[in-house]
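Listed below, chain by chain, are the residues.
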Amino acid sequence: MKWLLHLSAITLISFCIVQSAGAQKVTQPRPGAPGQWRLLGTTHANLGADHDAIIISGPADNFRALKFKVTDAPLDILHFTVTYDNGQIQKIDTRFSIPQGGESRIIDLVGGSRNLRRVDFWYSTKGIFKGTSDVTLFGRK
């Protein structure tokens, strides 16, 4: 009986750690012409978490620029990292204060067109009274 209680406690703690570590959503980019913004993925920025990732699967097209769009509530993106197909990581230290329904500035990627695999971003919500945000990542060739 005692082991069942310990197992339940460990399971609950593990679940809480995974939830607080941030969500990861795997998406496939939608097709689009060069020069147009393409949807790379969307995730939900919760009040409790401060890190999320969007994993890009499928054909890893070359992208030159990224931008974030926020809906439902304002959000501060503190910094983010871009992981390329070859494993190289680009850390981008910036602070975007994105209002509800707004977008970040355009972020040009180092090295021109690059195949993306993952974008991790760290954020701060703008207070418990304004709710949570849906964060959408777009890429442009």
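Use the structure listed above.
Starting from 1, residues in each chain are numbered consecutively following that chain's sequence as written. Reporting of local features is limited, given that this is a predicted model, to residues whose pLDDT is at least 70; pairs of side-chain atoms are given and counted only at 80 or more, and all residues count toward the totals for whole chains, interfaces and linings. Only hydrogens and water are set aside; all other atoms, that is, all heavy atoms of the structure, feed into the side-chain values.

(A) Geometry of the overall build of the chain. Strands here mean DSSP runs of E at least two residues long; helices mean DSSP runs of H or I at least four residues long; both are numbered from the N terminus. Helices and strands together make up the secondary structure of the chain, namely one helix and ten strands. Helices and strands in the chain line up, N terminus first, as α-β-β-β-β-β-β-β-β-β-β. Think of it in three bands: with a 1.4 Å probe and only protein chains considered, a residue is buried below 20% of the maximum accessible area for its type, exposed above 50%, and partly exposed in between. Within the chain, buried positions represent 38% of all 141 residues. We call two residues contacting when some pair of their heavy atoms lies within 4.5 Å. Residue pairs in contact within the chain that sit at least 24 positions apart in sequence constitute 78% of those at least 6 positions apart.

(B) Structural context of the sheet that holds strand E8 (residues 107-108). Any two strands with at least two DSSP bridges between them are considered paired. With antiparallel pairing, four strands are arranged side by side in an open sheet as E2-E10-E5-E8. The sheet is open, and its two borders are formed by strand E2 (37-45) and E8, each paired with just one other strand. Examined bridge by bridge, strand E5 (residues 65-71) and E8 share two bridges and lie antiparallel to one another. Looking across to E8, one finds that Ala65 is bridged to Asp108.

(C) Structural view of the side chain of Thr94. Examined against the element boundaries, Thr94 turns out to sit in strand E7 (residues 89-98). Those residues in contact with Thr94, other than ones at most four positions away along the chain, are Ile77, Leu78, His79, Phe80 and Arg105.

(D) Local environment of the pairing of strand E10 (residues 133-140). Among the eight residues in E10, six count as buried, and that is most of the element. By the bridge criterion, eight bridges tie E2 to E10 in an arrangement that is antiparallel. Residue Trp37 lies in a different strand from E10, and its bridge partner there is Arg140.

(E) Structural context of unusual backbone geometry. The phi dihedral of Asp72 is positive, around 80°, even though this residue is not glycine. Checked against the element boundaries, Asp72 lands in the loop between E5 and strand E6 (75-84). With a relative accessible area of 44%, Asp72 lands in the partly exposed category.

(F) How the structure looks around the packing of aromatic side chains. Stacked, tilted and edge-to-face are the three classes assigned to paired rings of Phe, Tyr and Trp, where Trp is represented by its six-membered ring and a pair needs centres within 6.5 Å; plane angles under 30 degrees give stacked, over 60 edge-to-face, the rest tilted. Considering all chains together, one arrives at three aromatic pairs under this definition. On the basis of an interplanar angle of 80° and a centroid distance of 5.2 Å, the ring pair of Phe68 and Phe80 is categorised as edge-to-face. Here Phe80 lies in strand E6 and Phe68 lies in strand E5, a separation of twelve residues in the sequence. Classification of Phe68 by relative accessible area gives buried; the value is 0%. Ring centres of Phe121 and Tyr123 lie 5.8 Å apart, and the angle between their planes is 40°; on these two criteria the pair is classed as tilted. Classification of Phe121 by relative accessible area gives buried; the value is 0%. Accessibility expressed as a relative area gives 2% for Tyr123, which makes it buried. Three or more aromatic residues joined by ring pairs form one cluster here, namely Phe68, Phe80, Phe121 and Tyr123. One Lys or Arg, Lys67, reaches over the ring of Phe138 and ends 5.9 Å from the middle of that ring. By definition, being over a ring means that NZ of Lys or CZ of Arg is both within 6 Å of the ring centre and within 35 degrees of the ring normal.

So, to be careful, I would describe these as geometric facts and stop short of saying anything about function.
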